[in-house]
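Below are the chains, spelled out letter by letter.
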Amino acid sequence: MQHDKVLILDFGSQYTQLIGRRVRELNIYSEIHPFNKIPKDIEDYKAVILSGSPNSVRGEAALHPDLSQIRGKKPMLAVCYGAQYLAHFSGGEVAPSNTREYGRANLSYIKEDAFFKEIKEGTQVWMSHSDTIKKLPTKAVLLASTNDVTNAAYKIEGETTYAIQFHPEVYHSTDGKQLLENFLVRIAGLQQDWTPQSFVEETVDAIKAKVGSDKVVLGLSGGVDSTVAAVLLNKAIGENLYCIFVNNGLLRKNEFKSVLKQYEGMGLNVKGVDASERFLNALKGIEDPEKKRKAIGNAFIEVFDDEANKLTDVKWLAQGTIYPDVIESVSATGGPSATIKSHHNVGGLPDFMKLKIVEPLRAIFKDEVRRVGATLGIDPELLGRHPFPGPGLGIRILGDITAEKVRMLQEVDAIFIDGLKSWGLYDKVWQAGAMLLPVNSVGVMGDERTYEKCVALRAVESTDGMTADWVNLPYEFLQKTSNEIINKVKGVNRVVYDISSKPPATIEWE
């Protein structure tokens, strides 16, 4: 790849992946690597960004990067922990803050500098720290302050090194994107040429080089990720791609037939396989969400292995894995970030699997996937479809899974999703679904006592799934939906609405 590259060193911040996404929104390619695993080809990167961290530079658990090949040799931006690290170990002082600053703040002072070009005093930034920089490092020049944080931004004389206490990558730093562009384009001189079209061209070439004339089997889900992966692969290898859509018994109501129909006319070789009984048997009696994900992942691979054996010379299994799947499963490419949960397509692969893996979307976020899909000419209605988890309703049924619980949740989900569409709310929501809770509660229907299930409705707005806010759906819609669910779905007598954001909650309940 001939694009300018940005290296992002991960110190375990929950926002590290957002830095990568913001850089890519500027049409600049970025890669995230653990702070202690700096790539050997460091010369190939034109700029470096140090992320934040939950650790303190003053503590015994302080994370120490080797910056000998970076500092003073490449443009470097240190964010939060990075800014404190440079101060604490380069002649400055970091101490516990008297007024801990979390959330919104405003820049009360900005020194004229290319770093703050087109950014004015009073602009809002997002803080998340308990330590503060009391004294700047050697040769540092103060660039910005807030009312509570004097040393909010600085640069080092004689180096192209900048440091900020706030987080430009989060949505609530209103000029964060401008600041990153100032650093990467105006100061570091990077080219903005990494586009969806260039990604398509380079990925197709990479698939051709990697797969050659081998046959590939791909598991389609009907969602955006696997569909875009399929079209990319089809563009690269054509008739050597064999697509399989598996009914795992955990799909939405009537989804098996509707998904097969939507692929008609797309030029993809798709086969439908009904393996619902196999999945339900594999999940029998399992309540732990991690074990459910692993069981579903194993069953998927077993089905693909069986189907591949019916073909001749299939050597590759393709998956629609995207970057957030990897981040939440394997701790930010091996870095110190916390593992949140395993994803069925990036964990639990059985030892007997004889197929090699190809994942064309593994390095990009959901919003990037949609832009790539648009570049490939995929139907906008399909690209606008809400994300649906690979394990399906298996992780929306809390506790053990039975065919009756699946039927119940399918009915609830259909009423909720169809209602969003009929009320014109579907496209205003990033993801929506219903959860069947392992809770029975007392109700009254027709003067008779009931003791039935509770379901939780969930609707969030997001751009990449890394963070999400709950959607304030109209009360009238929620009232009508609740009444319809309770009246039409046997076994449910209570409906609640989830008003948790991510973080601290996740989008799915399991």
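**Student:** Help me understand the overall build of the protein chain in this model?
**Tutor:** When you go through the protein chain residue by residue, the secondary structure sums to 13 helices and 18 strands. Taken against the 2.2 N^0.38 rule, which gives 24 Å for 510 residues, the C-alpha radius of gyration of the protein chain at 25 Å falls within 12% of a compact globule. In terms of principal-axis extent, the alpha carbons of the protein chain reach across some 70 × 65 × 40 Å. Looking at the protein chain alone, contacts between residues at least 24 apart form 74% of all its contacts between residues at least 6 apart. Here the protein chain displays about 22,000 Å² of accessible surface, and carbon together with sulfur accounts for 47% of that area. Each charge class in the protein chain was averaged separately, 60 positive and 66 negative side chains, and the resulting centres sit 1 Å apart.

**Student:** Got a minute to help me understand helix α10 (residues 366-375) in this structure?
**Tutor:** Each α-helix winds once per 3.6 residues, and so residues spaced three or four apart point in a common direction. With 7 of its 10 residues buried, α10 lies for the most part within the structure. Of the residues making up α10, those classed as buried are Lys-366, Asp-367, Glu-368, Val-369, Arg-370, Val-372 and Gly-373. Buried residues along α10 sit in contact with α1 (16-25), α4 (196-211), α5 (224-237) and α11 (380-383). Two residues or fewer past α10, Gly-377 is found with a positive phi of approximately 80°.

**Student:** Is there a simple way to think about the side chain of Gln-319 in this case?
**Tutor:** Counting through the fold element by element, Gln-319 comes out in the loop between β13 (314-318) and α9 (323-334). Residue class for Gln-319 comes out buried when judged on its relative accessible area of 7%. Within the structure, the side chain of Gln-319 is placed 3.1 Å from the side chain of Glu-359, a separation counted as a polar contact.

**Student:** Mind showing me how you'd approach the pattern of salt bridges here?
**Tutor:** Close approach of charged atoms allows side chains with opposite charge to pair. In this structure the tally under the stated criterion is 28 salt bridges. Here Arg-385 and Glu-255 are joined by a salt bridge, their closest N and O atoms 2.1 Å apart. A residue pair is termed long-range when its members are at least 10 positions apart, and Arg-385 in the loop between α11 and α12 (403-422) and Glu-255 in helix α6 (residues 255-262) qualify at 130 residues. Neither residue differs from the other here; Arg-385 and Glu-255 are each classed as buried. The partner of Arg-396 in a salt bridge is Glu-508, and the shortest N-O contact between them spans 2.8 Å. With a gap of 112 residues between them, Arg-396 in the loop between α11 and α12 and Glu-508 in the segment after β18 (492-497) connect regions that are remote in the sequence. Grouping residues by exposure puts Arg-396 and Glu-508 together as buried. Members of the salt-bridge network, linked through shared partners, are Arg-21, Arg-22, Glu-25, Asp-367 and Arg-371.

**Student:** So what exactly am I meant to see when it comes to the packing of helix α7 (residues 276-283) against helix α8 (residues 289-310) here?
**Tutor:** Helices that pack against each other are described as a pair by the angle of their axes relative to one another and the distance between those axes. At a closest axis distance of 9 Å, the pairing of α7 and α8 adopts a crossing angle of 145°. The interaxial crossing formed by α7 with α8 has right-handed handedness. Across the interface between the two elements, Arg-278, Phe-279, Ala-282 and Leu-283 of α7 pack against Lys-292, Ala-295, Ile-296, Ala-299, Phe-300, Glu-302, Val-303 and Asp-306 of α8. Here the residues of the contact of α7 with α8 are counted per class, giving 8 nonpolar, no polar and 4 charged.

**Student:** Any chance you could explain the pairing of strand β12 (residues 270-274) here in plain terms?
**Tutor:** Side chains on a regular strand alternate between the two faces of the sheet. With 5 bridges connecting them, strand β11 (residues 241-247) and β12 associate as parallel partners. Pairing of Phe-245 across the sheet is with Gly-272, part of β12. Following the chain from β11 across α6 to the adjacent parallel β12, one finds a crossover that is right-handed.

What counts, and where the lines are drawn
- Residues numbered from 1 in each chain as written.
- Predicted model: local features only at pLDDT ≥ 70, side-chain atom pairs only at ≥ 80, totals over all residues.
- Heavy atoms only, no water.
- Helix = DSSP H or I, 4+ residues; strand = E, 2+ residues; numbered from the N terminus.
- Rg over C-alpha atoms; globule rule 2.2 N^0.38 Å.
- Contact = heavy atoms within 4.5 Å.
- Areas by Shrake-Rupley, 256 points an atom, 1.4 Å probe, with all protein chains shown as cover.
- Lys, Arg positive; Asp, Glu negative; His and termini not counted.
- Charge placed at Lys NZ, Arg CZ, Asp CG, Glu CD.
- Buried < 20%, exposed > 50% of the residue type's maximum accessible area, 1.4 Å probe, protein only.
- Polar contact = N/O pair within 3.5 Å; in protein donor to acceptor, adjacent residues only side chain to side chain.
- Salt bridge = Lys/Arg side-chain N within 4 Å of Asp/Glu carboxyl O.
- Axes fitted to C-alpha atoms, helices over the stretch in contact; angles between N-to-C directions.
- Left-handed = near helix turned anticlockwise from the far one by under 90°.
- Nonpolar A, V, L, I, M, F, W, Y, C, P; charged D, E, K, R; others polar.
- Pairing = 2+ DSSP bridges.
- Right-handed = clockwise from strand over helix to strand, strands pointing away.

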